[in-house]
Amino acid sequence: MTASSIDRRMFLSASGATLLSTITPAAAQERTKADFMRQAVAAIDFEVARKKAEVKKDFEAHFASYTHIHRVIPFLDWDYYYLDGPLLWIPNFGEKLTAVSVPTGFVTDLASVPRILWSKYPPTGRYAYAAVIHDYLYWFQTGTREEADEILRAAMSDAKVDKDTVSDFYNALSLLGGAAWDRNKEARGKGEKRVLALFPPNPLISWEEWRKTKDVFK
């Protein structure tokens, strides 16, 4: 039995009688049995879809989630990547954190882990999307560094990253994140950009090459 048929049966048990009662016996006699059943089923399907939409809207408003997840595509050097669509993270209900919307074309190095630690914490681990969100916050600096680090911790937990790894990343940022924050501020002040308007047509191109191409940034 499919999920939709189960939903329909559950809805019938709760509300089907009310819906069907709006179609009187007299009206039913004026149409065929098939027409009558089609109208009843259509009414039930409509209500089921409406209820599902309400539940989805409520879920997205009150619970942590990643939505609009798209690919991160590497440049040739595999040190930098770009999003081929937007990435949205929504905090848990009750968390005093801001939702983050990372735009299409944002360029990131994913988890900024020293190469010597890649055997344990590769840039492309389970925490990769959380790292994209954190990179975005560290680059544009629309909030504080401390808030950006808290959002990373929450986003990593939402991605089911184990607690020890979350703690290791958070503690490392508490000690060393200030230098990256300052470098980004300086680079941005010098005019460096990180959101692409055009994607490279050739995958065999490095970030350093593509960033020098005319009119590639938003």
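Residues numbered from 1 in each chain as written. Predicted model: local features only at pLDDT ≥ 70, side-chain atom pairs only at ≥ 80, totals over all residues. Heavy atoms only, no water.

## Side note on the overall build of the protein chain
So, point 1. Secondary structure assignment for the protein chain yields seven helices and six strands.
So, point 2. Counting helices and strands in the order they occur from the N terminus, the protein chain gives α-α-α-β-β-β-β-β-β-α-α-α-α.
So, point 3. For the protein chain, with 218 residues in total, the buried portion stands at 35%.
So, point 4. Partitioning the intrachain contacts of the protein chain with sequence separation of at least 6 by distance along the chain shows that 58% fall at a separation of at least 24.
So, point 5. For the protein chain, the computed accessible surface area is about 13600 Å², with 59% contributed by carbon and sulfur atoms. (Helix = DSSP H or I, 4+ residues; strand = E, 2+ residues; numbered from the N terminus. Buried < 20%, exposed > 50% of the residue type's maximum accessible area, 1.4 Å probe, protein only. Contact = heavy atoms within 4.5 Å. Areas by Shrake-Rupley, 256 points an atom, 1.4 Å probe, with all protein chains shown as cover.)

## Quick look at helix α6 (residues 163–189)
So, point 1. Taking the largest bend as the criterion, α6 deviates by roughly 60°, centred on L176.
So, point 2. Looking at α6, one finds that the buried residues are T165, V166, F169, Y170, L173, G177, W181, N184 and A187.
So, point 3. Elements that come into contact with the buried residues of α6 comprise α4 (128–140) and α5 (145–158).
So, point 4. Two or three places before D164, at the opening of α6, D162 has a side-chain oxygen 3.2 Å from that residue's backbone nitrogen. (Bend = angle between axes of the 7 residues up to and from the residue. Polar contact = N/O pair within 3.5 Å; in protein donor to acceptor, adjacent residues only side chain to side chain.)

## Quick word on unusual backbone geometry
So, point 1. Phi at Q141 takes a positive value of approximately 50°, unusual for a residue other than glycine.
So, point 2. Within the secondary structure, Q141 sits in the loop between α4 and α5.
So, point 3. Positioned with a positive phi, K160 is a non-glycine residue whose angle comes to about 65°.
So, point 4. Tracing the chain through its elements places K160 in the loop between α5 and α6.

## Some thoughts on the pattern of salt bridges
Opposite charge on two side chains permits them to pair, given that their charged atoms come into close proximity.
So, point 1. Enumeration over the complete set of coordinates arrives at seven salt bridges.
So, point 2. In this structure, R145 engages D149 in a salt bridge whose closest nitrogen and oxygen atoms are separated by 3.8 Å. You can see R145 and its partner D149 sitting in helix α5, four residues apart, about one turn around the helix. As far as burial versus exposure is concerned, R145 and D149 are alike and both buried.
So, point 3. Put simply, E192, R194, E208 and R211 are held in one network by salt bridges that share partners. (Salt bridge = Lys/Arg side-chain N within 4 Å of Asp/Glu carboxyl O.)

## Things to note about the confidence of the model for the protein chain
So, point 1. Put simply, the protein chain has an average pLDDT of 79, and 67% of its residues get 70 or more.
So, point 2. The secondary structure element of the protein chain with the lowest average pLDDT is helix α1 (residues 3–21), at 44, and the one with the highest is strand β6 (residues 107–108), at 96.
So, point 3. In this model, residues 1–21 is a region of pLDDT below 50 whose contacts with residues beyond four sequence positions or in other chains number 20 contacts.
So, point 4. For the stretch residues 59–64, pLDDT sits under 50, and the model shows 14 contacts to residues farther than four places along the chain or on other chains. (pLDDT = per-residue confidence, 0-100.)

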